Protein chains: 2
Amino acid sequence: MTAQTGSGLLAEVTRGSQVESRHLGRAVVVDADGAVVWSCGDVETPVFPRSTVKSLLAIELVESGAADRLGLTADALALACASHGGEEPHAKVAAVMLAAAGRDVGALECGTHWPTYEPAARALAAAHQAACPLHNNCSGKHAGLICLACDQGVDPTGYINPSHEIQRRVTDVLAAVTGTPHTDANRGTDGCSMPTYAVPLRALAHGFARFGSGVGLSAGRAAATKRLREAVATNPFMVAGTGRYDTTVMNNFETRAFVKMGAEGVMIAALPEQGLGFAIKADDGANRAAEVAMSALLRHFGGEALCRTPQDHAVLTDTATQTLRNWQGVTVGEIRAALTI
Amino acid sequence: MTAQTGSGLLAEVTRGSQVESRHLGRAVVVDADGAVVWSCGDVETPVFPRSTVKSLLAIELVESGAADRLGLTADALALACASHGGEEPHAKVAAVMLAAAGRDVGALECGTHWPTYEPAARALAAAHQAACPLHNNCSGKHAGLICLACDQGVDPTGYINPSHEIQRRVTDVLAAVTGTPHTDANRGTDGCSMPTYAVPLRALAHGFARFGSGVGLSAGRAAATKRLREAVATNPFMVAGTGRYDTTVMNNFETRAFVKMGAEGVMIAALPEQGLGFAIKADDGANRAAEVAMSALLRHFGGEALCRTPQDHAVLTDTATQTLRNWQGVTVGEIRAALTI
C-alpha cells in the first residue's frame, strides 16, 4: 500500500435533503505487526492523541504491581482509562482511588470543571454542591498516576510535569508501545495539564493493535493490557458515561472491541481477536465525525467475528448513521460515516 | 472577480508549537449593490443560514407596525433577533413579549432545552426549577412571530409550519431581502422546528449588506432594519449573552457592526457605514472557526472607519486569535484566523 497524502471525507451531516456540513480527516487500520491494512489520507504526520492513550498511560499502574498492592478494583482501572462525564459514580471511584493511595482530592492537579454530563452538573447544583477536581473528566487518569507514585514511594506532587519521575515512567511506556520517541519536540500540554505527545496516526493505531493483541509486548505488559481491557469491558460506564459512544460500544461488544475518544476529533480502537488497531483524526477536531467513522471501520474490518448477533450489527449501524432530532423530537437530518473503505 | 470553487482555510487551532486542527470553509464580502468584493471558495452553492437570519425574520414585526402597537421595547426587538443563552433576563423578556401578545409560554412551539449558558442552567437547577421553552435559545424569534400573528388577528397555533400565514409572510421577507426563492426544494427544519431555507452564501451576504445599509429596500423596510440594528446595538446582551462572540463585538462597535452566528458554523455581519455584507460557512459546522474568521474579515474590510480606537482594534485582534487555556488556566495553544485576504 503506498503512502497517501492529504485528507479524505470522514463524515457528512445532512439537513432535509441537503448535506449541511462535511468532515475531512485521516484514518488508518494497522495489524499487530505494524502493517497498514487500510488508510485514508496522510497517516504519518504526527497528531496529538489526547485522551485516546489513557489506557496506555495506565499500563504501568498494573504492570508494576501497584494496582494489586493498593487493592484497586476493576472499576478503578476502567476509570484510570476514562474521559468520564463526572457522574456521581465516576467521582466516587476517583475518591476511592485516591484513598487507596492515602491521599485525597487535594492531590489532583487536573483542575476543576463541572461535569460534562449536564444532568450531573445540574444535580450537583441542585444539591448546592460545587464541582471539584474529582469531576474533571481526567480525574481517573490523574488518580492512577498518584496511586503509582505513592506505591513506588515517590512524592506525587508535580506528577503532571514532564520531568517528574512518575510522569517519565508512564511516558516511557507510551513511547515503547507506540514505537515513537516522546521528547520536548513533540510535546504539547493537554486540557488537564499533563503532557500530550504528537505521534503519527499509524503509530498510534499500531500501539492499539499491540494493546489489544499483546503481540510485541513482554508477557507482563501483555497481561497488564489484557487486564485493563477486561476492566473496561466489565465497567464500560466508568470509561465515559451515560449516552456516550465509548460506553455504548463497549457495553455491547465487551472484550471484543476497545474504543476510546480523545479531544479534537481523535479516536482509537482495538479488535483484540483480529489483532487490529485503528486510529482516526478529524482534521477539524470534531468528535462526532470520528465516532461515526469508527463505527463504519469496525463494521467493515470487524466483520462476522465482531458482529455475531443482530444487536451487534444494530449498534454499529445506529452509531455509523445517527439520526439528528430537534428539541421537539422531530427528525431534521443525520450524521453519517462517509469513508470510502 | 472570477467565481471560485471548493473551500479555503478559515482557521487553525494550535497546541504547543503544532497545528492540531484546521477548519476549511467559504466566505464572501458583498457590497450593497450585490457585487462581490472578496470571496474564498464556492459561495454559490446554497447553505442553510440557520439563526443568522433571525434579524431578517424580525423585519415584518417592525415594518408591519405590530411591534409599536404591542409596545415592544428595544430589548424585545433584540431578543427577536437572538440565539440567547437562556439567562434570566432573556427568559424574562421572552415572557414579556408573549404577555404583550396576550399569550404565555404555552404558545411557544420551539421545544425546551436547558440554558446553553451553563451557569444559568445550574442556577435554575439550584433553585429547583425546570427549564421551559422560554430558555430555548430561539424563544425570542418564536415570541416575535406570535406577537406578529396576534397583532394581525391570526391564530398563532402552528406558526412554525411553512404553510402558516405568518410563517409565509416572514419567509417572503427573507426571500426578498436575500433575492433567493424560498420553496419546498431548499427547505430544511431547524433545531427549533421552524423552516430554514438554503441560500447561496453570496446571497446571504447581499441580504446583510441591504439589512445594514437599507440600499435596495423600501423606505419602510429600511427604517425597520435600522430600528432592529439599533435595538441590538443598545441591547447586545439580549442577542446572545455572557461571554458570547456576538455580544462582545456589538457591545464594542454598537451600530457600526452587526454580527450574528448560526448553528453549524454560519456567521453573518453587516457594516452599515461601508454598505458591506459578510457571510461565512465553516464546512465542518464549527462556530469557533467562523468567529475568528469573521473578526479577521471585519478588521480588514472595516478598516479605520470601523476601528477608531485602540479598544476597537483590541476587540478584533483578541477575537481573531483566541488564546486557549486549560482547566488550570495554563495557555496550551490558540485558535486563529487563517484566511488569505
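Residues numbered from 1 in each chain as written. Chains lettered and ligands numbered in written order. Predicted model: local features only at pLDDT ≥ 70, side-chain atom pairs only at ≥ 80, totals over all residues. Heavy atoms only, no water.

Chain A goes by L-asparaginase II in an unreviewed UniProt entry, where it is assigned to Gluconobacter frateurii NRIC 0228.

> Explain the environment of B:Gln152 here, please?
Residue and element names in this part refer to chain B. Within the secondary structure, Gln-152 sits in the loop between helix H7 (139–151) and helix H8 (165–178). Each C-alpha atom, one on Gln-152 and one on Gly-65, is 9.8 Å from the other, the two residues being 87 residues apart in sequence. Dropping the residues within four chain positions of it, Gln-152 is found in contact with Ser-64, Arg-69, Ile-166 and Arg-169. (Helix = DSSP H or I, 4+ residues; strand = E, 2+ residues; numbered from the N terminus. Contact = heavy atoms within 4.5 Å.)

> Looking at this model, I keep getting lost on the interface of chain B and chain A. Mind explaining?
Accessible area lost during the coming together of the parts is what is often quoted as the interface size. Taken together, the contacts link 45 residues of chain B with 46 residues of chain A. Both sides of the chain B and chain A interface together cover about 3,600 Å² of buried area, and 49% of this is carbon and sulfur. Sorting the residues of chain B by area buried against chain A places B:Arg15, B:Arg122 and B:Trp327 first, and these three jointly supply 18% of that buried surface. Run the count over chain B and chain A and you get four salt bridges. Taken together, the links from chain B to chain A amount to 26 residue pairs in polar contact (both at pLDDT 80 or more). Within the residue set of the side of chain B that touches chain A, elements represented by two or more residues are strand E1 (8–15), strand E2 (18–31), helix H6 (118–126) and strand E5 (187–189) of chain B. It is E2(B) that contributes the most residues to the side of chain B that touches chain A, six residues altogether. When the residues that make up the side of chain B that touches chain A are grouped by side-chain class, the tally is 15 nonpolar, 17 polar and 13 charged. (Buried area = accessible area lost by both parts, 1.4 Å probe. Salt bridge = Lys/Arg side-chain N within 4 Å of Asp/Glu carboxyl O. Polar contact = N/O pair within 3.5 Å; in protein donor to acceptor, adjacent residues only side chain to side chain. Nonpolar A, V, L, I, M, F, W, Y, C, P; charged D, E, K, R; others polar.)

> Which parts of the structure should I look at to understand the relation of the copies chain B and chain A?
What connects the two chain copies is a rotation about an axis and a shift along it. Screw-axis analysis of chain B against chain A gives a translation of 0.0 Å along the axis, an RMSD of 0.0 Å, and a rotation angle of 180 degrees. Taken together, the turn and the small shift mark the pair as related by a two-fold rotation axis. Rotation axis and chain B: the residue whose C-alpha lies nearest the axis is B:Ala126, separated from it by 2.0 Å. In this assembly, 100% of the residues forming the interface of chain B have copies in chain A that are likewise at the interface, indicating an isologous arrangement. (Least-squares fit on C-alpha atoms with pLDDT ≥ 70 in both.)

> Is there a simple way to explain the packing of aromatic side chains in this structure?
According to the stated counting rule, one finds 10 aromatic pairs over all chains in the structure shown. With a centroid separation of 6.4 Å and an interplanar angle of 10 degrees, the aromatic rings of B:Phe208 and B:Phe258 are classed as stacked. On the criterion of sequence distance, the pair formed by B:Phe208 in helix H9 (residues 201–213) and B:Phe258 in strand E8 (residues 258–262) is long-range, its members being 50 residues apart. By the burial criterion, B:Phe208 is buried, and B:Phe258 matches it. An angle of 65 degrees between the planes, with centres 6.3 Å apart, marks the rings of B:Phe278 and B:Phe301 as edge-to-face. In this pair, B:Phe278 sits in strand E10 (residues 276–282) while B:Phe301 sits in helix H13 (residues 287–306), placing the two residues 23 residues apart along the sequence. Note on B:Phe301: relative accessible area 18%, which makes it buried. Members of the aromatic cluster, joined through ring pairs, are A:Trp38, A:Phe278 and A:Phe301. (Phe/Tyr/Trp six-rings, centres within 6.5 Å; stacked < 30°, edge-to-face > 60°. Buried < 20%, exposed > 50% of the residue type's maximum accessible area, 1.4 Å probe, protein only.)

> Honestly, the pattern of salt bridges in this entry has me stumped. Any pointers?
Side chains that differ in sign of charge can pair as their charged atoms come close. Summed over all chains, the structure comprises 34 salt bridges over all chains. For A:Glu273, the salt bridge is made with A:Arg308, and the minimal N-O distance between the two is 2.9 Å. With A:Glu273 in the loop between strand E9 (266–271) and strand E10 (276–282) and A:Arg308 in the loop between helix H13 (287–306) and helix H14 (310–320), this residue pair connects regions lying 35 residues apart in the sequence. Owing to a relative accessible area of 49%, A:Arg308 belongs among the partly exposed residues under this scheme. Between B:Arg169 and B:Glu60 there is a salt bridge; the shortest N-O distance is 2.5 Å. Taken together, the residues B:Arg169 in helix H8 and B:Glu60 in helix H2 (residues 59–63) connect sequence positions 109 residues apart. Residue classification places B:Glu60 among the buried residues on the basis of a relative accessible area of 11%.

> Help me out: how do you make sense of the packing of H7(B) against H8(B) in this one?
Packed helix pairs are specified by the crossing angle of their axes together with the interaxial distance, meaning the distance between the axes. Residues and elements named next belong to chain B. Axis separation between H7 and H8 bottoms out at 10 Å; the angle between their running directions is 110 degrees. By the criterion of interaxial angle, the relationship of H7 to H8 is roughly perpendicular. Viewed along their axes, H7 and H8 form a crossing whose handedness is right-handed. Taking contact as the criterion, the partners of Leu-145, Leu-148 and Ala-149 in H7 are, on H8, Ile-166, Gln-167, Arg-169 and Val-170. The class makeup of the residues in the contact of H7 with H8 is five nonpolar, one polar and one charged. (Axes fitted to C-alpha atoms, helices over the stretch in contact; angles between N-to-C directions. Parallel < 35°, antiparallel > 145°, perpendicular 65-115°, else oblique. Left-handed = near helix turned anticlockwise from the far one by under 90°.)

> I'm lost on helix H10 (residues 219–234) of chain A in this one. Help?
Every α-helix winds through 3.6 residues per turn, so residues three or four apart in the chain are directed the same way. Along its 16 residues, H10(A) runs 22 Å from first to last C-alpha, staying within 8% of the 22 Å computed at 1.5 Å per residue. Turning to H10(A), its buried residues number three or more, namely A:Arg221, A:Ala222, A:Ala224, A:Thr225, A:Leu228, A:Arg229, A:Ala231, A:Val232 and A:Ala233. (Expected span 1.5 Å × (residues − 1).)

> How should the pairing of E1(B) be read in this particular structure?
In summary, the side chains of a regular strand alternate between the two faces of the sheet. Residue and element names in this part refer to chain B. Counting buried positions along E1 yields seven of eight residues, so the element is predominantly enclosed. Pairing of E1 with E2 involves seven bridges; the strand directions are antiparallel. Paired with Arg-15 across the two strands is Gln-18, which belongs to E2. With five bridges joining them, E1 and strand E12 (residues 331–337) adopt antiparallel strand pairing. Its bridge partner being in E12, Glu-12 is matched across the sheet by Arg-336. (Pairing = 2+ DSSP bridges.)

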